[in-house]
Amino acid sequence: MRVLIVPNCLRGSLTAATVAEALARGVRAAHPSATLDVLPAADGGDGSLGHWLRHSASREVPVDVAGPLGGTVRATYALGADGTAFIEMAEASGLRHVPDARRDPLRATTRGTGQLIRHALHAGARTVVVGAGGSATLDMGAGALGALGVEFHADDGRVLDAYPDALRNVVGADTRHADPLLRGARLRVLSDVHTPLRENVVRFGPQKGIAAQEVGAFSEMLGRLARAVRPDRPDLLDLPWYGAGGGTPAGLSVFGARAESGSDRLLDLAGVPELIADADFVITAEGRVDAGSLDGKLPLAVSRLAARHGVPCVVVTGSTLLAPEELPAGTRCLVLPPECAPDRPETTALALADAGRAAIPHQTRSREVN
């Protein structure tokens, strides 16, 4: 029997590599003769940099950049000899840098992500791939654009600071002084969710600290910002994949950035579709399975691939809000016990090993693959 283990990280608790190792221990204990392919994965959000480094000939480049609420953070990006850079925006602008009590999307900025893009361009990158997800921001990438030389103007001509609270009256964006290296560069964004910008505040605002009474005003600000940055694209608010990472793909589109599924691209990079085709059983994992998971997140991307090949799949998760019929054919969720929590990583790792032991029924047999 061949088993593929391809989990995401459990944000705030365990890396994808640690999750994968724990699940593998459990599977080996229950099925010692099984052949295991163990591939920690990512979807554009947290952990995507590690995934890219594992599956590309790239080196790590550490840089000190602006954090999401100011100050300085040490962030790393990947740079390949072929001139391709990979930037995980959560490295500079992620929720990981902001304690729960300090989450403030009115002040949070993607400036550090823009500084990473600029650094990569000046280090020789001609293709920059940005993983959009896991951010503390809802600024449509305005901070990143500011770091790249874009100016935002009010109707009286004043130059505005590039964070949401200062952009309520934005009417224009001036790209004339943008870094000239952008002209010859190719930008791509790997988004962790399909969500368009118009739905971003309602869907992801609460987890980033936006209060219910602020949703309307915040959505209006993003609409004004979208019109200022891309007056030629009135459909920008409704484009799939462009709302990820607080709308960063929408902002970067002014420089020709194209957004696509991070799950699909990163799974392809690791050869996962081919491994699933040869597998008898697939195990994936993520901290929570809900409506957002159907919107492009890794576990459902993996389980859809498994369903396409008729391979049973288990999603190990801390909680699920999806009914069984909402999952792809042949997929079921295995929920970890309630004592698993971000501040109890050892307990969670033990529970993952237990989940690995329980995931595969003992009557499971190898498939005949034509």
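Below you will find a few notes about this structure. Being a predicted model, the structure only gives us computed values, none of them experimental. Chains are numbered independently. Their residues run from 1 in the order of the written sequence. Since the coordinates come from a predicted model, pLDDT governs what is reported: local features require at least 70, and pairs of side-chain atoms require 80 or more to be given and counted, while whole-chain, interface and lining totals use all residues. Note that the side-chain values use all heavy atoms of the structure and ignore hydrogens as well as water.

The next point concerns the nonpolar core. Grouped together as the largest cluster of nonpolar side chains are 60 residues, with contacts concentrated most on Tyr77, Phe152 and Leu225. Throughout, a contact is declared for two residues whenever any of their heavy atoms are within 4.5 Å. Discounting residues that sit within four places of it in the chain, Tyr77 has contacts with Leu49, Arg59, Glu60, Val61, Val63, Ala85, Phe86, Ile87, Leu116, His119, Ala120 and Ala123. We call a set of buried residues a nonpolar core when its members are Ala, Val, Leu, Ile, Met, Phe, Trp, Tyr or Cys and they connect through side-chain atoms within 4.5 Å of each other. Only protein chains enter the calculation, and the probe is 1.4 Å; a residue is then buried if its accessible area is under 20% of its type maximum, exposed if over 50%, and partly exposed in between. Residues Leu23, Leu36, Leu334 and Leu336 belong to the second largest nonpolar core, which totals 26 residues.

Glancing now at unusual backbone geometry. Phi is positive for Met140, which is not a glycine, with a value near 55 degrees. Here the phi dihedral of Trp241 falls at roughly 80 degrees; this positive angle occurs in a residue that is not glycine. By relative accessible area, which is 17% here, Trp241 ends up buried.

Secondary structure counts use DSSP, requiring at least four H or I residues in a row for a helix and at least two E residues in a row for a strand, with both numbered from the N terminus. Position of Leu239 relative to the elements: it lies in the loop between helix 7 (215-229) and helix 8 (244-252). When neighbours within four sequence positions are excluded, Leu239 is seen to be in contact with Pro196 and Arg233.

All right, on to the state of the cysteines then. A covalent bond bridging the sulfur atoms of two cysteines is what the word disulfide describes. In what follows, a disulfide is any cysteine sulfur pair within 2.5 Å. Summed over all chains, the structure comprises 0 disulfides. The thiol of Cys9 is not disulfide-bonded; the next cysteine sulfur, from Cys340, is found 15 Å away. Given a relative accessible area of 12%, Cys9 falls into the buried group.

Let us now look at the sheet that holds strand 14 (residues 331-335). Pairing between strands requires that DSSP locate at least two bridges from one strand to the other. One open sheet holds the 5 strands; their spatial order is 2-1-12-13-14, and the pairing between them is parallel. Edge positions in the sheet fall to strand 2 (35-38) and strand 14, since each of these pairs with one other strand and no more. Strand-to-strand twist across the sheet, computed as the mean angle between neighbouring axes with direction ignored, equals 25 degrees. Pairing between strand 1 (residues 2-5) and strand 2: 4 bridges, direction parallel. Bridging across to strand 2, Arg2 finds its partner in Thr35. Only C-alpha atoms enter the line fits that serve as axes; for helices the fit covers just the stretch in contact. Angles between N-to-C directions range over 0 to 180 degrees. Seen against the sheet, helix 1 (residues 16-30) touches strand 1, strand 2, strand 12 (281-289) and strand 13 (313-320) and runs at an angle of roughly 170 degrees to strand 2. Each of strand 12, strand 13 and strand 14 is contacted by helix 11 (residues 298-308), which is oriented at about 155 degrees to strand 12, the strand it contacts most.

Quick look at the pattern of salt bridges now. Salt bridge criterion: a side-chain nitrogen from Lys or Arg within 4 Å of a carboxyl oxygen from Asp or Glu. Counted by the stated rule, this structure contains 20 salt bridges. Its salt-bridge partner being Asp295, residue Arg203 comes within 3.1 Å of it at the nearest N-O pair. Placement of Arg203 in helix 6 (residues 197-208) and of Asp295 in the loop between strand 12 and helix 11 is noted, with a sequence separation of 92 residues between them. The exposure class of Asp295 is buried, given its relative accessible area of 12%.

Remark: helix 6 packs on helix 7, axes separated minimally by 10 Å, with the N-to-C direction vectors making an angle of 155 degrees. Of the possible angle classes, the one that applies to helix 6 and helix 7 is roughly antiparallel. The hand of the helix 6/helix 7 crossing is right-handed. Residue-level inspection shows Leu197, Val201 and Val202 of helix 6 in contact with helix 7, the latter providing Val215, Phe218, Ser219, Leu222 and Ala226. In this count, Pro and Cys sit with the nonpolar residues alongside Ala, Val, Leu, Ile, Met, Phe, Trp and Tyr, while Asp, Glu, Lys and Arg are called charged and the others, Gly among them, polar. The residue makeup of the contact of helix 6 with helix 7, split by class, is 7 nonpolar, 1 polar and no charged. Relative orientations are named as follows: roughly parallel for angles under 35 degrees, roughly antiparallel for angles over 145 degrees, roughly perpendicular for angles from 65 to 115 degrees, and oblique for any other angle. The hand of a helix crossing depends on one turn: near helix anticlockwise from the far one by less than a right angle means left-handed, and clockwise means right-handed.

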